[in-house]
Structures are given as structure tokens and as C-alpha cells.
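Tertiary structure, described
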Amino acid sequence: MVLVSPLLLACIRAFLDWTQVDLIQRTTFFIMIKLFSVKQKQKEAAESGSGGPPIKKQSPGELRVQKDISELNLAKTTSIAFPHGKDNLLSFEITIQPDEGYYQGGTFVFSFQIPNLYPHEAPKVKCRTKVYHPNIDLDGNVCLNILREDWKPVLSINSIIYGLQYLFLDPNPDDPLNHEAAQVLRDHPWQFEANVRKSISGGYVGGHHFPRLI
Amino acid sequence: MEELQGRWHDLDRLLLRPGNLVGPGFEPCAELRDLLQNDCKVLVIGAGGLGCELLKDLALSGFGNIDVIDMDTIDVSNLNRQFLFRIHDVGKPKAQVAADRIMQRVKGVMVTAHFCRIEEKDVDFYRQFQIIMLGLDSLEARSYINSVVCSFLEYEPDGGLDYSTIKPMVDGGTEGFKGHARVILPGVTPCFQCTLWLFPPQITFPLCTLAETPRSPAHCIEYVHLIQWGQDRVGEKFDSDSPEHMKWIFEQAVKRATQFCISGVTYSLTQGVVKNIIPAIASTNAIVSAVCALEALKIATMCSKGMDNYMMYVGTQGVYTHTVSYEKDPNCIMCSPGVPIEVDCSCTLQECIDTLLNDQRFKAKLSRPSVSFQGTNLYMQAPPILEELTRPNLRLSLLSLMGGNPSGGVLNINDKKLHGVLRVRVSFSKEMDTT
Ligand SMILES: [Zn+2]
């Protein structure tokens, strides 16, 4: 044990003068006292035999997504599933079944991955259903501004779901990821509509086969 | 141990003499050096550019027990600034080589290496250190350590912070000619989460721009990284630490850049864009590390008043520093104590929710609260699928839902009417005999 007498003296002096010591210095002082009793602490720890299972640490992203999920307000065309159980909200699936527009009747699944630094960073969203869409490529990458360049921490999971629903109601040919689909939508909207119907019925469009969704 | 003559002369000038600038309670004595050399255990996280500097500075400042943790191996591109490494060390773990080299050069110091990810160590590993030094380039890693250290905080029954549970952290960061050093006393000064806004968000380009109208070398690199990888290497997970993966991205980016008549794609730019790193400058690391090591020395010995609490450094035009006292976020989801409530130890979750709803302090803020504890959702108001799964918990005892710990814990409360997460620190009242 190395608790030294000068320190005890110091304690008394510091306590007498406490009002003149600001919080940070006071804290540092306590930390130093703790350092001095390190040996004793180590002895205690050895006796008690520390260990035990590690506590599961919650990331800021986990805490924030809890809030987002608990406040979800899903339209009747949308549902959510948690493939990893009710306590893992960092990855989930959103299913959208548009009831109007080009994609009416189709079922489209999106996977959401929430980063540990959410909402400082945007969620990673991929479309798991192969779809003929100007803003979604055949690998499921989604071009939605709020998922990347326009993401802000004030946005939420709800905002992204609205954004995805909107993509099906109003595909945007000016910001394409699927170049061919965008071109058709721009030049021949009726042909685009026919292509979408064909794709979601399980046919070939532009040499690519699409799964049957209706 | 044979010691160089005058080895600790400068340190002793700080520790053996009184002065006007010393911290409160500082009493000059030889035991302070003994404390540094024998009792104080310091952890350095990261053995890169900043980590090498930190290890050297701490060892030469008299710290005798240092641990270093890093998951990386040495790359040839590190050698210009990570001065503890030599060409024949390439491929070896940074932590181990750094530890060995410090012990060779500074007699009497014990450096223990940990070649692993920070998440692989359990909570008790981090608890054993008196000071944690961060020499990291990732916000994610900082945030992880922050959550570990904040979880150590305990409070007295009267609501006061138990100072013995504070684990001081000294954080250094550098980006080119800019850097910062900060001291975090969790629960007292702002933690990383309190000041997350200090870190700029990652630059992201619109996917459609990358796919259709690339205009810069970075656009070409990001296209290959985000889109082409998935198309050409189906099912393979991209690993930014794999040199082969990085080389592939680089080569494909060069091809794409040629196609769009863009010049300037280099291997180091590829690494920079993909890993979101800015070129490191050795002098910035040295300056930031020196400030950090000095703060560690102050925390351990009180030989001078500690920094309050954030120093920024800009070395582009001369040497400019500015120190700011940032404020804690009183509602921080990591370091705030939480609003204390006391409930009976037989209380069910439903009764606890009712108590919250009837509490004057929350009345205007809560309508339909959802409750979670650590990683477990105890009760979720939405979506219906989770409400159904968690509804049976309402009848269960809160004490058992909180792991049966009679000293209680912190519940996270979410509610539409709340701006953020409400932290409620539950304590359980003793048996009937007190009433
Ligand atoms: Zn905080």
C-alpha cells in the first residue's frame, strides 16, 4: 500500500479550499487519489476473482434506431420484419407493396443495415428484389438522395421508407442507375409501363429475367 | 536496473517542486514518480502514426506500464512517419513491433502488446487501466471506446457521480496539417457522443452521378467500390484491409477514369477515398501526441492543471492552437446520469410505465412510452409486430427484466413527444420494513 502522508495532507488542504477548485480539477484530484490506491484495488480484485460475461455494449446507432422503430408509422402498403429477433434492430427488412402506379401489385423487399454511428451516418439500404426500375440497378443499389448525399441526422427510418414508396409511385428518369430503363421511361412511357408489367409478371426485359412478383 | 545519469531530471523538476500552476492537492514528493513507473497503467489504443508518437512520449515521460492495442500489420507506406517500424518489420503486427522497440530503447518500461480488434477485449480489460489514450483515425472506434468507458459510470444514492468510476481518456486526432487533443473525463466533461457534431460527416456522392456522369477521380473510385464490385465479384465481401481487393479497385478505377477522360486516379487516392482517410503529416502527429502525453502526466500526478477540454491545432500557416471548453450534453445518451426514479422491487413493467406517466417531471413529455434496457426491448409501442412480442413483458417484474440487479440501472424511454431518448435511472426501494 503506497498511500502516502503528503497526499493525506493534500486532501485536507484541498477540502478546506474546495470552493475555489473547479469541477474539472476536483475530478482530476479524485482520479489521482484513486491512482494512489491502485495497489489496494488490485488486491481487492484478485480476492473477489473478477470476470464474468462481457456486458453487451449498445452503440449510439442502436439507441437511436430504437427510437425510430418505436415511432414507426407504416402505411398499409408497407410492413417490417426483424430476421434477427426483436432485440436486433440494426438490421431489418421493409416490404413495400405499391397499391397504385407502374408497380401496383408487386412486392419489393429492402434490407436496412444501421451503422453504429447512425444517425451521424445514413443507413445502408439495398433492394433484395430484382426490379426493372430507373433508380434501382439490377444488383439492388438504390439511388435515393437522402440515402447518400442529402442524408441528415434529423431524418429517420420513416423518412427513408417514404422515399422508397415514392420511388415506386414516381420513378425518376433523370437520375438513373438503370440507364436502359430510364431511357425507355423518358422516350416511351407506355413501353416502360409494359416493360414493368412484363418484369413483375416474371418475364424477360432487355435480356434480363425478373422474378414473378404478382 | 541500471539507470542513465540524470534520466529523470526533467520529470523530477515537475514532480519534486511546488509551483503556482500545480493542480489542487498537488504535493511534491518522490512517490509520484514511483506511482508513474510502477502503479499507473496506461492503455494506448492504436499503434499507427499517432500511436507510435504516444508510446514514445509516454515512455520517456516516466510511465512504466503501458499496454498497446492495434489490429493492423505494418505496411510499407507506414514507414515514413511510424518511426518505430523498419523495412524488415513489414507484415508484422504494429502493436507487437512498437512494444518491442519501445522496450529496447527505453530501459525499465514494460509495454504489453495486444494484436486484436478493440471489440475483442472484454470490459474488465479496459477497466484495469487508469488512463486510456486514443490514437485512432476512426470515429467508429472512438465511439465504441466511449460507450465502454461511459458504461463504467456509477452514481451515489443521492445522485452524485461516483468519481472513482471515472476513466479518463485523452484523445488525439490528426488530419493532414490539422489536429486536436482533448481530455475526456466521462460524466464531467463532454464525451464523444456529446460532441459528435465536431466530426464532419463522411463525404458521399450521389450513386446516379457515380454511375452516369463521373467528373472526378474520386467518382471513378467510388463507382468501382460501391457498384462495380458487386457486379464483377458477386458474393465476395469487399475488405478494405485486403491489398488484393484494394489493388483491384484501383485498377478498375483507372480503366473507368480513362473511359471518361479523367486523370488523377492513384493507388493512395484509392485508399484515401475507400477508407476515407486524409494523408498524414508526421509533425502534426508529433505535436498532438506531445499535448496528449502531457495531459496524461497531469492527470496522473496533478503536477499542473489539466486542459479544459479541447485543443485544436492548425499547422497550415505557422503554428496555431486554440483551446475551447466544450459543454456536456445534459441529455447525452452515453454519459448523462439519467433522471432518477425509485420503484418498489416488486413493481411490474406496466406499473413502472404508469409511474413514469404519472410523474410530474415527465407528464407533459410522455404519452405512449417504449422501454428498453441495455440491448433488450422491454416494451415497444410500435410497430405492431414488436408490440405483440414485447406485450407479455408488461406483467413481469421490472427487477427481473433488468437482470435481477437490486441496485437498478438505466432504462431508455422513447416517446413521440420526446425529442431524443429519455434516460431514467431506476433504483429499487428496499423491502416493506422501511415504510
Ligand atoms: Zn456524453
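Residues numbered from 1 in each chain as written. Chains lettered and ligands numbered in written order. Predicted model: local features only at pLDDT ≥ 70, side-chain atom pairs only at ≥ 80, totals over all residues. Heavy atoms only, no water.

1. Some remarks on the domain arrangement of chain B
Segmentation of chain B into domains returns domain 1 (2–199 + 280–324), domain 2 (207–274) and domain 3 (339–428). The straight-line distance from the C-alpha centre of domain 2 of chain B to that of domain 3 of chain B is 47 Å. (Domains from an automatic or database assignment.)

2. Some details on the coordination of the zinc ion
Four donors placed tetrahedrally about a metal ideally form angles of 109.5 degrees, and six donors placed octahedrally ideally form angles of 90 or 180 degrees. All names here are of chain B. At this site the zinc ion is bound by Cys191 (SG), Cys194 (SG), Cys332 (SG) and Cys335 (SG), with donor distances of 2.2 to 2.3 Å. One way to put it: the four donor atoms around the zinc ion meet at angles of 98 to 120°, and that makes the site tetrahedral. Counting residues between consecutive donors of the zinc ion along the chain gives the motif C-x2-C-x137-C-x2-C. Here the residue Cys191 occupies a position in the loop between strand E6 (178–184) and helix H7 (207–212), and Cys332 occupies one in the loop between strand E8 (320–324) and strand E9 (339–344), the gap between them amounting to 141 residues. (Donors = N, O, S within 2.8 Å, 3.2 Å for Na, K, Ca; no water. Tetrahedral: all angles 85-135°; square planar, octahedral: opposite > 155°, others 65-115°. Helix = DSSP H or I, 4+ residues; strand = E, 2+ residues; numbered from the N terminus.)

3. Points about the pattern of salt bridges
Residues and elements named next belong to chain B. A complete count under the given rule lists 20 salt bridges over all chains for this structure. Across the salt bridge formed by Arg142 and Asp171, the nearest N and O atoms sit 2.9 Å from each other. With a gap of 29 residues between them, Arg142 in helix H6 (residues 139–150) and Asp171 in strand E5 (residues 169–175) connect regions that are remote in the sequence. The burial state of Arg142 is the same as that of Asp171; both residues are buried. With a shortest N-O distance of 3.1 Å, Arg233 and Glu244 are connected by a salt bridge. Placement of Arg233 in the loop between helix H8 (217–232) and helix H9 (243–259) and of Glu244 in helix H9 is noted, with a sequence separation of 11 residues between them. (Salt bridge = Lys/Arg side-chain N within 4 Å of Asp/Glu carboxyl O. Buried < 20%, exposed > 50% of the residue type's maximum accessible area, 1.4 Å probe, protein only.)

4. Quick look at the interface of chain A and chain B
On the side of chain B, 80 residues touch chain A, which itself brings 59 residues to the contact. Surface buried jointly by chain A and chain B totals about 6,200 Å² across both partners, of which 64% is contributed by carbon and sulfur atoms. For the pair chain A and chain B, the interface holds one salt bridge. Salt-bridge contacts for Arg148(A) lead to Glu222(B); the nearest nitrogen and oxygen are separated by 3.9 Å. Across the chain A-chain B interface, the total number found is 14 residue pairs in polar contact (both at pLDDT 80 or more). Only helix H1 (5–16), helix H2 (23–36), helix H3 (38–48) and helix H4 (60–70) of chain A provide two or more residues apiece to the side of chain A that touches chain B. In terms of residue count, the dominant contributor to the side of chain A that touches chain B is H2(A) (12 residues). Taken together, the residues of the side of chain A that touches chain B break down into 29 nonpolar, 14 polar and 16 charged. (Contact = heavy atoms within 4.5 Å. Buried area = accessible area lost by both parts, 1.4 Å probe. Polar contact = N/O pair within 3.5 Å; in protein donor to acceptor, adjacent residues only side chain to side chain. Nonpolar A, V, L, I, M, F, W, Y, C, P; charged D, E, K, R; others polar.)

5. Focus on the side chain of Ser289(B)
Residue and element names in this part refer to chain B. Following the sequence through the fold, Ser289 ends up in helix H11 (residues 282–301). Given a relative accessible area of 0%, Ser289 falls into the buried group. When near neighbours in sequence (up to four residues on either side) are disregarded, Ser289 contacts Leu50, Glu53, Leu54 and Asp57.

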